[in-house]
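Chains, contacts and geometry: an overview
Next come the chains, spelled out residue by residue.
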Amino acid sequence: MSGDDETQEQTIADDLVVTKYKMGAEIANQALKTVVGAALAGVSVLSLCEKGDAFIMAETGKVFKKEKEMKKGIAFPTCVSVNNCVCHHSPLKSDPDVILKDGDLVKIDLGVHVDGFISNVAHSFVVGVTKENPLTGRKADVIKAAHLCAEAALRLVKPGNQNSQLTEAWNKIAKSFKCSPIEGMLSHQLKQHVIDGEKTIIQNPTDQQKKDHEKAEFEVHEVYAVDVLISTGEGKAKDAGQRTTVYKRDPNKVYGLKMKASRTFFSEIERRFDTMPFTLRAFEEEGKARLGVVECAKHELVQPFNVLHEKESEVVAQFKFTVLLMANGPLRITNSLFEPELYKSEHEVEDPELKALLQSSASRKTQKKKKKKASKTVESATGQAMETEAAE
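Residues numbered from 1 in each chain as written. Predicted model: local features only at pLDDT ≥ 70, side-chain atom pairs only at ≥ 80, totals over all residues. Heavy atoms only, no water.

**Description of the overall build of the protein chain**
- The helix and strand tally for the protein chain stands at eleven helices and 15 strands.
- For the protein chain, the C-alpha radius of gyration of 20 Å lies close to 21 Å, the compact-globule estimate for 392 residues.
- Considered along the principal axes of its C-alpha atoms, the protein chain spans approximately 60 × 50 × 45 Å.
- A total of 392 residues make up the protein chain; the buried ones form 54% of that total.
- Across the protein chain, every contact between residues at least 6 apart in sequence was considered, and the portion connecting residues at least 24 apart equals 77%. (Helix = DSSP H or I, 4+ residues; strand = E, 2+ residues; numbered from the N terminus. Rg over C-alpha atoms; globule rule 2.2 N^0.38 Å. Buried < 20%, exposed > 50% of the residue type's maximum accessible area, 1.4 Å probe, protein only. Contact = heavy atoms within 4.5 Å.)

**Describing the sheet that holds strand 11 (residues 278-279)**
- With antiparallel pairing, the three strands of this open sheet are ordered in space as 11-10-12. Looking at the sheet topology across the chains shown, the edges are occupied by strand 11 and strand 12 (302-305). (Pairing = 2+ DSSP bridges.)

**Considerations on helix 7 (residues 260-272)**
- Between its first and last C-alpha, helix 7 extends 18 Å over 13 residues, near the 18 Å set by a 1.5 Å rise per residue.
- Contacts from the buried residues of helix 7 go to strand 10 (246-249), strand 11, helix 8 (286-298) and strand 12.
- Residue Asp-274 follows helix 7 closely and has a positive phi angle near 55°. (Expected span 1.5 Å × (residues − 1).)

**Points about the packing of aromatic side chains**
- In total, this model carries eleven aromatic pairs according to the counting rule given.
- Note on Phe-265 and Phe-278: the rings are 6.2 Å apart at their centroids and 65° apart in plane angle, and the pair reads as edge-to-face. Placement of the pair is Phe-265 in helix 7 and Phe-278 in strand 11, with a sequence separation of 13 residues. For the pair formed by Phe-265 and Phe-278, the shared burial category is buried.
- Summarising the aromatic geometry, the rings of Phe-273 and Phe-278 are spaced 5.0 Å apart at their centres and angled 15° between planes, so their arrangement reads as stacked. Taken as a pair, Phe-273 and Phe-278 share a single burial class, namely buried.
- Counting every residue linked through ring pairs, the aromatic cluster contains Tyr-247, Phe-265, Phe-273, Phe-278 and Phe-283.
- Sitting over the ring of Phe-283, Arg-272 keeps its end group 5.6 Å from the ring centre.
- Directly above the ring of Phe-321 sits Arg-332, whose terminal nitrogen or CZ lies 5.3 Å from the centroid. (Phe/Tyr/Trp six-rings, centres within 6.5 Å; stacked < 30°, edge-to-face > 60°. Lys NZ or Arg CZ within 6 Å of the ring centre and 35° of its normal.)

**What to know about the nonpolar core**
- The biggest cluster of nonpolar side chains holds 67 residues, and the ones touching the most others in it are Ile-108, Ile-143, Val-157, Ile-230 and Tyr-343.
- Sequence-distant contacts of Ile-143, that is, excluding residues within four places in its chain, are made with Leu-105, Ser-124, Phe-125, Val-126, Ala-317, Phe-319, Phe-338 and Tyr-343.
- Judged by nonpolar contacts, the second largest core, of 21 residues, contains Val-18, Leu-190, Val-246 and Ile-333. (Core = buried A, V, L, I, M, F, W, Y, C linked by side-chain atoms within 4.5 Å.)

**Some words on the pattern of salt bridges**
- Inspection of every chain in the model, using the stated rule, returns 28 salt bridges.
- Notably, a salt bridge pairs Asp-104 with Lys-101, separated by 3.2 Å at the nearest N-O pair.
- Its salt-bridge partner being Glu-268, residue Arg-272 comes within 2.6 Å of it at the nearest N-O pair. Taken together, the positions of Arg-272 and Glu-268, both in helix 7 and four residues apart, correspond to about one turn of that helix.
- Of the residues examined, Arg-272 reaches a relative accessible area of 34% and is grouped as partly exposed.
- Within the structure, one salt-bridge network assembled from shared partners comprises Glu-9, Lys-191 and Glu-198. (Salt bridge = Lys/Arg side-chain N within 4 Å of Asp/Glu carboxyl O.)

**Observations regarding the sheet that holds strand 2 (residues 85-87)**
- Reading across the sheet, the three strands line up as 2-13-9 and stay open at both edges, with antiparallel pairing between neighbours. The sheet terminates laterally at strand 2 and strand 9 (238-239), the two strands that pair on one side only.
- Relative to strand 13 (residues 308-309), strand 2 runs antiparallel, the two being bridged by two bridges. By the bridge assignment for strand 13, Cys-87 is matched with Leu-308.

**Quick notes on the environment of Glu-219**
- As for its placement among the helices and strands, Glu-219 is situated in the loop between helix 6 (207-212) and strand 8 (223-231).
- If we skip the residues at most four places from it in the chain, Glu-219 touches Pro-159, Lys-199 and Leu-325.
- Reaching out from Glu-219, the side chain makes a polar contact with the side chain of Lys-199 at a distance of 2.9 Å. (Polar contact = N/O pair within 3.5 Å; in protein donor to acceptor, adjacent residues only side chain to side chain.)

**Description of the environment of Ala-327**
- Within the secondary structure layout, Ala-327 lies in the loop between strand 14 (316-326) and strand 15 (329-332).
- Taking relative accessible area as the criterion, Ala-327 reaches 65% and is therefore assigned exposed.
- When the C-alpha atoms of Ala-327 and Ala-25 are compared, they prove to be 19 Å apart, with 302 residues separating the residues in sequence.
- Leaving out residues up to four positions away in the same chain, Ala-327 has contacts with Val-220 and His-221.

Written as structure tokens, this is what we have:
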């Protein structure tokens, strides 16, 4: 790879890059639908994670077939985190399995990339809830709060706005539902092959995090994975000692591994996943992967995505979407499957400014007829018809 390739960053100013993002997003949206559709009472979490990952691998295998060198596949392995488990729960075959039951609040989180262009998505729902028998109470409150935080974010992540505006809005929305955003969680800018870009949006920062967190302004042609995690409790997530199964390689770290098992494991990561997050479940011999990861993690060649938990009596809801800051407005390419009629809360957003923001249209003002196709994507992504198209 020549130095020129590395220095020239590809952005969504290029139509082909937008196409790759959209292809990945389409697969991510379908994978999410597939996993949600299978997530019924009595079903195992392991089987859902396997189903999501298999779907992504099969579908990404069908695009850009002629480009033999192009990397594509899972950008974030399917995680299914239930109730007070906050995130990153993607069990191995050797881990104790979790079986879903009616009333469980389930968060499904996954990501897809095509040529390193990443589309992430996450969705929350409660098992067994129907339109005839909608959910009320704290689980409904927290899902509604998280959904509205995501909707507010869609309207705030636009060129010229600051990341701190989201932090503020999320705190206010969560508070109106007597909930809290999970402390210190970050949403990242996405770049080619980079899932954790330097610009971030922080949730519910501590005083120290407030000082340390860099203010940033959103700019045209940037891409963000906006990740909202809201808790019925205080929003403090802790590592409760559950096995970490999701890792990603840190390209900036170098170390001479001593153990053969570690070297074999590490070269397989480089070959198969490059810098994308992966699960130990993806290795043929799980035992060897569990052995190999130890030395790699100890010397920080790989970074862990720890399984986090809120207090046992609380529940956590998550929504995540990927948004492209196009020249003619933000375009959400991955969408949750939120159905408002399933969740009834006695609370609502009180703040008049936020109320007005949430009622404003998230449609993009399209300037040219040729944007019709893009608008269809928005329509399918937001569930809203585009008034601007109709008015033209």
